[in-house]
Amino acid sequence: MLLIAFNFVREQRWPIFVLLLWVLLLAFLGLVADIPRMREDLLFLFKQVAVYVVAFSIFFGGSAIYNERKSRRILAVLSKAVRREQYLSGLVLGVTTACAIYCFALGLTGSWTLGAAGFPVSQVWFLMVCLVAACMLAGTVALMFSTFLNPFLAAGATALMLGVPWIASQTVAAGWGYVIPVSALTNTVLKSTFKVPGHNEWFPVGLAVLETLAFWAVAARIFSRVDIAVAVE
Amino acid sequence: MTGMPAALEFEKVSKEYGSFASRQSVRALDGFDLRVETGEIFGFLGPNGAGKSTAIHIAMGFMRPTLGQGQMLGRPFGDAAARRRVGFLAENVALYHRRVDRLMCFYGALNRMGGARLGERAREVLRMVGLQDQAKRNAGKFSRGMVQRAGLAQALMNDPELLILDEPTSALDPLARVMVRELILSAREAGKTIFLSSHLLSEVELVCDRVAVLHRGKLVRMGRTSDLLQSTEQTAIVARGITSDAFGGAVSQNGLVTMTVPISNQRSVMQRVWELGGEIVSVNPVRRSLEQVFLEVTADAQPPQPDGGR
Ligand SMILES: Nc1ncnc2c1ncn2[C@@H]1O[C@H](COP(=O)(O)OP(=O)(O)O)[C@@H](O)[C@H]1O
Ligand SMILES: [Mg+2]
């Protein structure tokens, strides 16, 4: 399982690298900019980069199985003593690790640039934990849809699944954001300002972990039933 | 049923590939029965699109049969624990792009191998397939034939009891084919079972104890390779001391006359040779090539269906 996770991260090293470039951009801005004066801009960029990673987790999760299948590499892996659910947990872990690497880098630059601008550093790391949790859940939902849909539809379905509670939380009641806490978690990141850095609310993080397990279980159920029919030669 | 459990057994397996989009389905396997005994080299023949890969993928648990069931090493298809004792080489195998020695360790570790043994075994299998000098090269830069060798090596990592090879020699040069043949034979020496799929009859003919011929998802022939090749209808009689014009269709070469006659005529032809003062050198059943067998069983084939496989 760890092997599959590590393997996934390795295979995705280029996308992850490209993502890290964004973080580098933030770091670069922090270097050249007059931090106290531009601090609102920095925070905005920080949030923007943070949202990208959630989008990427959906992309990673939605395309992982498809890519392996298309390249036929999945056959050599599944021909080993690897159960389907183990394969899936490897992918969940891989997606999470990929996003965690990114969040770690973002956390480092964030605590330096934003920290210099007067944003509490511990809060930066708390936001990163929220972000990793959000990625894990979003990636798992995407993975679940991708067991039976192609990557485009899977990403669409995931966006719908995560988007509907988000819209409801904006229009109906904030509580809806907790149904699938990705929106609540991302909101925590997005709502933080220099005046109100946000409060440490661990509840959505724990909920995200639980829901990840639930979606993983559903995904494993579906995946153990689908045919891994690879492309015909 | 014999006492020994079969290494691989299909029971009335059917598989249909459906497609939501085109609303048509392809029946790749149709009530397919097969039993592979422990310790034999079994050849699985069939033209392209016959359903060989489909059957193998069902056995490996990549897909579920539409109907029917089966066992591999005494466990139902798809059992992960059974796969641990199986080596599988996919048709047109694809591997990750990284150093081959590490790649071997990765695949070995997926079968829960570990420790010093893992690296040692990786070197061993690479030597077996003749890639020992390429161990530090990236598999992404390999030629097709080399990838296929690496694929064979990863299938051997766990020293499998059952080796399932789907067209293992399709991209290999003649030398490498000989290597594969020797690998297969030495695996049998070690008591392993080998299930070898191929559309190349000559490959199978040389190593397999038994063969099955699959055609459009149905088993059309099965038996010992020698029986299948033996014609029950014709014998070849070689005689000396007569002229070839005494018999229609006889061929004369270096003083020997060879004639191929129906078995029912064998006796009278021999008597006639003796009457003419000739001498019988040999009488043998005619060996057919598998190509002939192949042509016979596929003779009924109508032109391929429009949606049929390539
Ligand atoms: N993934 C798939 N989707 C739809 N049809 C398939 C698929 N794989 C194989 N087929 C069809 O099933 C039949 C058998 O294919 P296959 O098992 O690959 O044959 P073989 O390995 O004997 O060449 C072919 O007609 C092929 O077109
Ligand atoms: Mg095939």
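Residues numbered from 1 in each chain as written. Chains lettered and ligands numbered in written order. Predicted model: local features only at pLDDT ≥ 70, side-chain atom pairs only at ≥ 80, totals over all residues. Heavy atoms only, no water.

### What about the overall build of chain A?
Of regular secondary structure, chain A possesses nine helices and zero strands. Listed N to C, the secondary structure of chain A is α-α-α-α-α-α-α-α-α in terms of helices and strands. For chain A, the C-alpha radius of gyration of 18 Å lies close to 17 Å, the compact-globule estimate for 233 residues. Dimensions of chain A, computed from the C-alpha atoms along their principal axes, are close to 60 × 40 × 25 Å. When contacts within chain A are restricted to residue pairs at least 6 apart in sequence, those whose partners lie at least 24 apart make up 79%. Accessible surface, chain A: about 10,400 Å² in total, of which carbon and sulfur atoms supply 73%. (Helix = DSSP H or I, 4+ residues; strand = E, 2+ residues; numbered from the N terminus. Rg over C-alpha atoms; globule rule 2.2 N^0.38 Å. Contact = heavy atoms within 4.5 Å. Areas by Shrake-Rupley, 256 points an atom, 1.4 Å probe, with all protein chains shown as cover.)

### Comments concerning the packing of aromatic side chains
This model, assessed by the stated rule, comprises 15 aromatic pairs over all chains. Each ring, one from Phe59(A) and one from Phe60(A), has its centre 5.9 Å from the other, and the planes form 45°; the classification is tilted. Taking the relative accessible area as the measure of exposure, Phe59(A) reaches 45% and is therefore partly exposed. Look at Phe10(B) and Phe32(B): their rings are 4.9 Å apart centre to centre, the planes differ by 55°, and that puts the pair in the tilted class. Within this pair, whereas Phe10(B) is found in strand β1 (residues 8-17), its partner Phe32(B) is found in strand β2 (residues 26-36), the two being separated by 22 residues in sequence. Assigned by exposure class, Phe10(B) and Phe32(B) land together as buried. (Phe/Tyr/Trp six-rings, centres within 6.5 Å; stacked < 30°, edge-to-face > 60°. Buried < 20%, exposed > 50% of the residue type's maximum accessible area, 1.4 Å probe, protein only.)

### Focus on the pattern of salt bridges
Residues and elements named next belong to chain B. Using the criterion set out here, one finds 18 salt bridges over all chains in the structure. For the salt bridge of Arg 75 with Asp 79, the shortest nitrogen-to-oxygen distance reads 3.1 Å. Among the residues examined, Asp 79 registers a relative accessible area of 18% and is labelled buried. Put simply, Arg 85 and Glu 161 hold a salt bridge, and the shortest N to O gap is 3.2 Å. Here the residue Arg 85 occupies a position in the loop between α2 (80-83) and β6 (86-89), and Glu 161 occupies one in the loop between α5 (144-156) and β7 (162-166), the gap between them amounting to 76 residues. Within the structure, one salt-bridge network assembled from shared partners comprises Glu 16, Arg 27, Asp 30 and Lys 218. (Salt bridge = Lys/Arg side-chain N within 4 Å of Asp/Glu carboxyl O.)

### Quick word on the coordination of the magnesium ion (ligand 2)
Residues and elements named next belong to chain B. Within the protein, Ser 53 (OG), Glu 91 (OE) and Glu 91 (OE) serve as the donor atoms for the magnesium ion (ligand 2), at 2.0 to 2.8 Å. Taken together, the residues Ser 53 in helix α1 (residues 52-60) and Glu 91 in the loop between β6 and α3 (100-110) connect sequence positions 38 residues apart. Residue class for Glu 91 comes out buried when judged on its relative accessible area of 18%. (Donors = N, O, S within 2.8 Å, 3.2 Å for Na, K, Ca; no water.)

### Re the domain arrangement of chain B
Along its sequence, chain B is organised into domain 1 (6-85 + 160-227) and domain 2 (232-287). Between the C-alpha centres of domain 1 of chain B and domain 2 of chain B the distance comes to 41 Å. (Domains from an automatic or database assignment.)

### Overview of the interface of chain A and chain B
Taken together, the contact between chain A and chain B spans 29 residues of the former and 28 residues of the latter. Counting each side, the surface lost to burial between chain A and chain B is near 2,700 Å², with a carbon and sulfur contribution of 53%. Three residues stand out in chain A for area buried against chain B, namely Arg73(A), Lys80(A) and Ala81(A), and they jointly supply 23% of the buried area on that side. Where chain A meets chain B, there are one salt bridge. Where chain A packs against chain B, one counts 16 residue pairs in polar contact (both at pLDDT 80 or more). Breaking the side of chain A that touches chain B down by element, the ones donating at least two residues are α1 (2-11), α4 (73-78) and α5 (84-116) of chain A. (Buried area = accessible area lost by both parts, 1.4 Å probe. Polar contact = N/O pair within 3.5 Å; in protein donor to acceptor, adjacent residues only side chain to side chain.)

### Quick notes on the sheet that holds strand β3 (residues 41-45) of chain B
Note on sheets: strands pair through backbone hydrogen bonds, and any given pair is parallel or antiparallel. Residues and elements named next belong to chain B. The mixed open sheet is built from six strands, whose spatial order is β6-β7-β8-β3-β9-β10. The open sheet is flanked by β6 and β10 (218-224), the only strands paired with a single partner. Each strand axis lies, on average, 15° off the axis of its neighbour in the sheet, ignoring direction. For β3 and strand β8 (residues 193-198), the ladder comprises five bridges, and the chain directions are parallel. By the bridge assignment for β8, Phe 42 is matched with Phe 195. Each of β6 and β7 touches α5; the most contacted strand, β6, lies at about 165° to it. Most of the contacts of helix α6 (residues 174-189) go to β8, to which it runs at about 155°, and overall it touches β3, β7 and β8. (Pairing = 2+ DSSP bridges. Axes fitted to C-alpha atoms, helices over the stretch in contact; angles between N-to-C directions.)

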